[in-house]
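# Summary of structural features
The residues making up each chain are set out below.
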Amino acid sequence: MQQCPRCGGSAERDPEHSGVMRCLSCWDVWALPTERRCPGVGRGTFAPALRLLEEYRELNR
């Protein structure tokens, strides 16, 4: 079990929602931080967005 950041009570994982913790005292709910799989995951959507910005920049000149 973990400790609640709000009241200091005991907390456990929510059985209905993955990646969510719930305090057993004050019923506060928070999401656990997720780890990134690899540093190149976001580049698939980032590169096309940069190309689009470059096209708009040429149109505005």
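In case you missed it, the structure is sitting above this.
Rules and cut-offs
- Residues numbered from 1 in each chain as written.
- Predicted model: local features only at pLDDT ≥ 70, side-chain atom pairs only at ≥ 80, totals over all residues.
- Heavy atoms only, no water.
- Helix = DSSP H or I, 4+ residues; strand = E, 2+ residues; numbered from the N terminus.
- Buried < 20%, exposed > 50% of the residue type's maximum accessible area, 1.4 Å probe, protein only.
- Areas by Shrake-Rupley, 256 points an atom, 1.4 Å probe, with all protein chains shown as cover.
- Pairing = 2+ DSSP bridges.
- Salt bridge = Lys/Arg side-chain N within 4 Å of Asp/Glu carboxyl O.

## Details of the overall build of the protein chain
- A tally of regular secondary structure across the protein chain gives 1 helix and 4 strands.
- Start at the N end of the protein chain and walk to the C end: the helices and strands fall as β-β-β-β-α.
- Within the protein chain, the fraction of its 61 residues that count as buried is 15%.
- Here the protein chain has roughly 5,500 Å² of accessible surface; of this, 53% comes from carbon and sulfur atoms.

## A look at the sheet that holds strand β3 (residues 20-23)
- Reading across the sheet, the 4 strands line up as β1-β2-β3-β4 and stay open at both edges, with antiparallel pairing between neighbours. Each end of this open sheet is capped by a strand with a single partner; those strands are β1 (2-3) and β4 (29-31).
- Strand direction decides the pairing type here: β3 and β4, joined by 3 bridges, are antiparallel. Its bridge partner being in β4, Arg 22 is matched across the sheet by Val 29.

## Considerations on the pairing of β3
- By the bridge criterion, 3 bridges tie strand β2 (residues 10-13) to β3 in an arrangement that is antiparallel. Bridging from a neighbouring strand, Arg 13 pairs with Met 21 of β3.
- The hairpin turn running from β2 into β3, its antiparallel successor, is 6 residues long, and Gly 19 in that turn takes a positive phi close to 80°.

## A look at the pattern of salt bridges
- Within the structure shown, the criterion is met by 2 salt bridges.
- Salt-bridge contacts for Asp 28 lead to Arg 6; the nearest nitrogen and oxygen are separated by 3.9 Å. Remark: Arg 6 occurs in the loop between β1 and β2 and Asp 28 occurs in the loop between β3 and β4; sequence separation between them is 22 residues.

## Concerning unusual backbone geometry
- For Trp 27, which is not glycine, the phi dihedral falls at a positive 60°.
- Within the element layout of this structure, Trp 27 appears in the loop between β3 and β4.
- Under the relative-accessibility criterion, Trp 27 is labelled exposed at 56%.

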